[in-house]
Amino acid sequence: MSVNATSTRELPVVVDGCARVSVAAEPLDRPSAERLAKLLKAVADPARLQLLSIIHGAVEGEVCVCDLVEPLGLSQPTVSHHLKVLTDAGLLSRERRGTWAYFSVVPEGWQALRALFA
Amino acid sequence: MDVNIDGMTATLKQVRKQASAPSEPCCEPVLSAPLEPDHAVDMAKMFKAMGDPIRLRLLSLIAASSATEAGECCVCDLSGSFDLSGPTISYHLKILREAGLVESDRRGTWVYYRAVQENFGRLSAMLAIPGVASVGCS
C-alpha cells in the first residue's frame, strides 16, 4: 500500500492505522476481497440468510429440501433457486438421496465468512 | 486478509458441536427456527453492502483504524489506498453508512469514519450461533 510522503508526515498515526488493517485481524488484499465479496453477495438476501440459519442450526447437520419450503413461505422453485446460489458459492453442499435433496453447510465457506468478523 | 480456511474445519465442527449441545444454556434453543424476516432484511442489507470488493476493503481499513488509538479514519487516507476518484470512494462509503456498518462526522475539511461495532457484533453473532434468530443471545 503506497502512502505518499506528505500525508505520512502530516498524519502519521492515522495513516499508520489505516494502512495496516482489516475487518478481522489481517490486511484484506484485493484477491481476498474479491473472493469474500462473492460469498457475501451470496448471503446478502433475506431468504438465503433464513435458509442458512435453518441449515446451520439443524441438529442433524443437514436438512431435507422438503423441510425448507414451509418455514420460508416461498414456492419450491424459489427456494431451490436460493439453495443453488448458496451451493454455487460454496456455502452449502447438496446430496440427493431417493426423492429428496439434503443440504448441509460447508464448513470452509462458513468459516471464511466468520473469519471476517473474528 | 488471510483466509486460512483449510485446517479450520475441525475448529468449526467443534464450535458447532458445542453450540448445539443441549447442555449449553447460551440461550433459548431455537435450532430450527429461521431467522426472523425483519431481522433477515436488516442483515441482508449489511451483507449486501459488504458484497463488493471495494467496499469490503474500505470497511477493512475503517474497522482496523477503529481499533487503533485514533479510533477512526480520515477519508483523505482512505482514498490514498485506492486507484479510484473521490466521488467513487464517497459513493461506496455512503452505501456502507446507509447499511449501518460505518458512521461518520465532518470536522473541518475532512470526514472521519468509524466502524459501528454494534452491527459488526450482530453480524458476527449471526454467523456464530445456530438458531441465529434467538434474541439476546450474545
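> Sorry if this is basic, but what is going on with the overall build of chain A here?
The number of helices and strands found in chain A is seven helices and three strands. Counting every position in chain A, which comprises 118 residues, the buried fraction comes to 42%. Intrachain contacts of chain A at a sequence separation of at least 6 include 54% that bridge at least 24 residues.

> What should I look at first to understand the sheet that holds strand S1 (residues 63–64) of chain A in this one?
Residue and element names in this part refer to chain A. Ordered by their spatial adjacency, three strands build an open sheet running S1-S3-S2, and the pairing between neighbours is antiparallel. Single-partner strands in this sheet number two, and they are S1 and strand S2 (92–97). Here S1 runs beside strand S3 (residues 100–105); their pairing, made up of two bridges, is antiparallel. By the bridge assignment for S3, Cys64 is matched with Tyr102. Across the sheet, helix H4 (residues 46–57) is in contact with S1, S2 and S3; its angle to S3 comes to roughly 85°. Packed onto the sheet, helix H6 (residues 76–88) meets S2 and S3 and runs at close to 120° relative to S2.

> Would you explain the sheet that holds strand S3 (residues 110–115) of chain B in this entry?
Residue and element names in this part refer to chain B. Ordered in space as S1-S3-S2, the three strands form an open sheet in which the pairing is antiparallel. Two strands close off the open sheet at either side, each with one partner strand: strand S1 (73–74) and strand S2 (102–107). Summarising the sheet, S2 and S3 pair through six bridges and their orientation is antiparallel. Paired with Arg107 across the strands is Trp110, a residue of S3. Seen against the sheet, helix H3 (residues 53–66) touches S1, S2 and S3 and runs at an angle of roughly 80° to S3.

> What is the right way to look at H3 of chain B in this model?
Here H3 of chain B contains 14 residues, and its C-alpha end-to-end distance of 20 Å stays within 8% of the 20 Å for a straight helix at 1.5 Å per residue. Residues of H3 of chain B that are buried: Arg55, Leu56, Arg57, Leu58, Leu59, Ser60, Leu61, Ile62, Ala63, Ala64, Ser65 and Ser66 of chain B.

> Explanation requested: the confidence of the model for chain B in the structure shown.
Close inspection of predicted coordinates is inappropriate in any region flagged by low pLDDT. All names here are of chain B. Per-residue confidence for chain B averages 73 on the pLDDT scale, and 68% of its residues sit at or above 70. Across chain B, helix H5 (residues 86–98) holds the top mean pLDDT of 95, while helix H1 (residues 9–20) sits lowest at 35. Here residues 1–32 is a poorly scored stretch, pLDDT under 50, and it has 48 contacts once near neighbours within four places are set aside; other chains count. Between residues 131–138, whose pLDDT stays under 50, and residues either more than four places distant or in other chains, the model counts 26 contacts. Model confidence for the complex is summarised by a pTM of 0.71, with the ipTM given as 0.73.

> Any chance you could explain the packing of helix H3 (residues 30–43) of chain A against H3 of chain B here in plain terms?
How two helices pack is summed up by the angle between their axes together with the distance between the axes. Between H3 of chain A and H3 of chain B, the least distance of the axes is 8 Å, while the angle of their chain directions is 115°. Here H3 of chain A runs over H3 of chain B; the crossing is right-handed. In contact with Arg30, Ala33, Glu34, Leu36 and Ala37 of chain A of H3 of chain A, H3 of chain B contributes Pro53, Leu56 and Arg57 of chain B. A per-class count over the contact of H3 of chain A with H3 of chain B returns five nonpolar, no polar and three charged.

Calculation rules
- Residues numbered from 1 in each chain as written.
- Chains lettered and ligands numbered in written order.
- Predicted model: local features only at pLDDT ≥ 70, side-chain atom pairs only at ≥ 80, totals over all residues.
- Helix = DSSP H or I, 4+ residues; strand = E, 2+ residues; numbered from the N terminus.
- Buried ≥ 20, exposed ≤ 12 C-beta atoms within 10 Å, placed from the backbone.
- Contact = placed C-beta atoms within 7 Å.
- Pairing = 2+ DSSP bridges.
- Axes fitted to C-alpha atoms, helices over the stretch in contact; angles between N-to-C directions.
- Expected span 1.5 Å × (residues − 1).
- pLDDT = per-residue confidence, 0-100.
- Left-handed = near helix turned anticlockwise from the far one by under 90°.
- Nonpolar A, V, L, I, M, F, W, Y, C, P; charged D, E, K, R; others polar.

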